[in-house]
Amino acid sequence: MMAKLWLLAYSILWTTHHVHGHDGQHSFDPTNWTAEQQWTAGGLNCTYGFQEFNKHVQKQVYNIGVHAPSGIEKAWDQFNLTFETYLNEAVGKRFDPPIEFKMKPTEYPLLSWIDNKEDVDFMYSDTGLYSCIGTEIGGQPLGTTIASLENRGQEYNLDMYGGTILALASNKEISTIEDLKDKIIAAQAISVFAAGQSQFWVMFKNGMDYIMDPKQVIFTGNHDETVRGVLDGRWDVGFVPSGRAEQTIDETTGELIDMDLFKVIEPKIYVMDDGDIYPFLHSTPVFPEWPLYAKTNVDRIVSEEVAAALVNF
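What counts, and where the lines are drawn
- Residues numbered from 1 in each chain as written.
- Predicted model: local features only at pLDDT ≥ 70, side-chain atom pairs only at ≥ 80, totals over all residues.
- Heavy atoms only, no water.
- Buried < 20%, exposed > 50% of the residue type's maximum accessible area, 1.4 Å probe, protein only.
- Helix = DSSP H or I, 4+ residues; strand = E, 2+ residues; numbered from the N terminus.
- Polar contact = N/O pair within 3.5 Å; in protein donor to acceptor, adjacent residues only side chain to side chain.
- Pairing = 2+ DSSP bridges.
- 1 Å grid on protein atoms, 1.4 Å probe; cavity = no way out; pocket = protein on both sides within 12 Å on 5 of 7 lines; lining within 4 Å.
- Points joined across faces, edges and corners; volume = space filled by probe spheres on them.
- Nonpolar A, V, L, I, M, F, W, Y, C, P; charged D, E, K, R; others polar.

Peer 1: Which parts of the structure should I look at to understand helix α4 (residues 127-137)?
Peer 2: What sets the pattern is the α-helix's 3.6 residues per turn: residues three or four places apart point alike. When α4 is considered as a whole, its buried residues turn out to be T127, G128, L129 and I133. Capping the start of α4 is the job of one residue whose side-chain oxygen sits 3.1 Å from the backbone nitrogen of G128: D126. Two residues or fewer after α4 comes G138, characterised by a positive phi angle close to 85°.

Now the structure itself:
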């Protein structure tokens, strides 16, 4: 199952079926396009014709909460095309009268979706947040994603990611997980799966406590800041998602950061299902990519229509 969601240098594709990332055959062009041309009535979702709107179980407007760890503006640029423009065409117009989808990005999903009980119906977040939110307020998964990533001139289609523990290559004091004791550690946030939680879990598996053993733990709120702080010596190690450091710009040169200046602590190699090696060194196990999920009170017909539309994006 696949759908393209635009994420920074990613184009996110829905999993279960395999799709070609950049051949142009599945790209969404909002100009000169109608839902009927791409998705004929009854042709893709085992129904015939249009769905009659049911005011008793369905809403006129559905809000899609999007986790925005890199900021609201960037998330809007990355996902608005998919979660508003595309879904309003491909799903909204299949109902009579039409329903509407609105994207609501947030940097703090736990605060927004759980504590503040923000009105969202569908949610798109990292794997760790899904496990937490699914437990707290309920969530029915609609699919996970394949990231079609362009990184330093190479293109990869990946349905998994991991966490990296990054240090300067010149730092002789840090070579193992145990060497993190009495060191300054930086991560994006305690709630971010591949830039905090998964690395803390690796520390735990190695008999360490992420609160008691480090000299200090700093939450930067930003992957780039985490990487740059390792480079300029503000902290000893940085926790970032696999492949993320390679995208960081060196502020002194304006160019991509020189990865030869870094090393990955206890790097792992993972062989993917197709026999290829996962292209980025990582310090944690690899995990499934981001899921899209719906609250349990969302009408099943609407959820199925959304899932089917994204499968065929």
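Peer 1: Quick question: what am I supposed to make of the pairing of strand β8 (residues 140-151) here?
Peer 2: Walk down a regular strand and you will see the side chains alternate between the two sheet faces. Bridging between β8 and strand β17 (residues 291-294) involves four bridges; their strand directions are antiparallel. Bridge assignment links G143 to a residue of β17, and that residue is L292. Pairing of β8 with strand β9 (residues 154-158), which is carried by five bridges, proceeds in the antiparallel orientation. Opposite E150, over in β9, you have E155 as the bridge partner. In textbook terms, the turn of a hairpin is the stretch between consecutive antiparallel strands, and for β8 and β9 this stretch comprises two residues, one of which, R152, has a positive phi near 55°.

Peer 1: What should I look at first to understand the layout of surface pockets in this one?
Peer 2: Empty space among the atoms becomes apparent when a probe as large as a water molecule is rolled across them. Estimates place the volume of the second largest pocket at around 210 Å³. If you tally residues by element for the lining of the second largest pocket, the top one is helix α3 (residues 109-115), at three residues. Split by residue class, the lining of the second largest pocket holds nine nonpolar, four polar and one charged.

Peer 1: Looking at this structure, how should I read helix α5 (residues 193-205)?
Peer 2: Where α5 is concerned, the buried positions are F193, A194, A195, G196, S198, Q199, F200, V202 and M203. Immediately downstream of α5, the backbone of G207 shows phi near 80°, a positive value.

Purely geometric stuff here, so don't read any function into it on its own.
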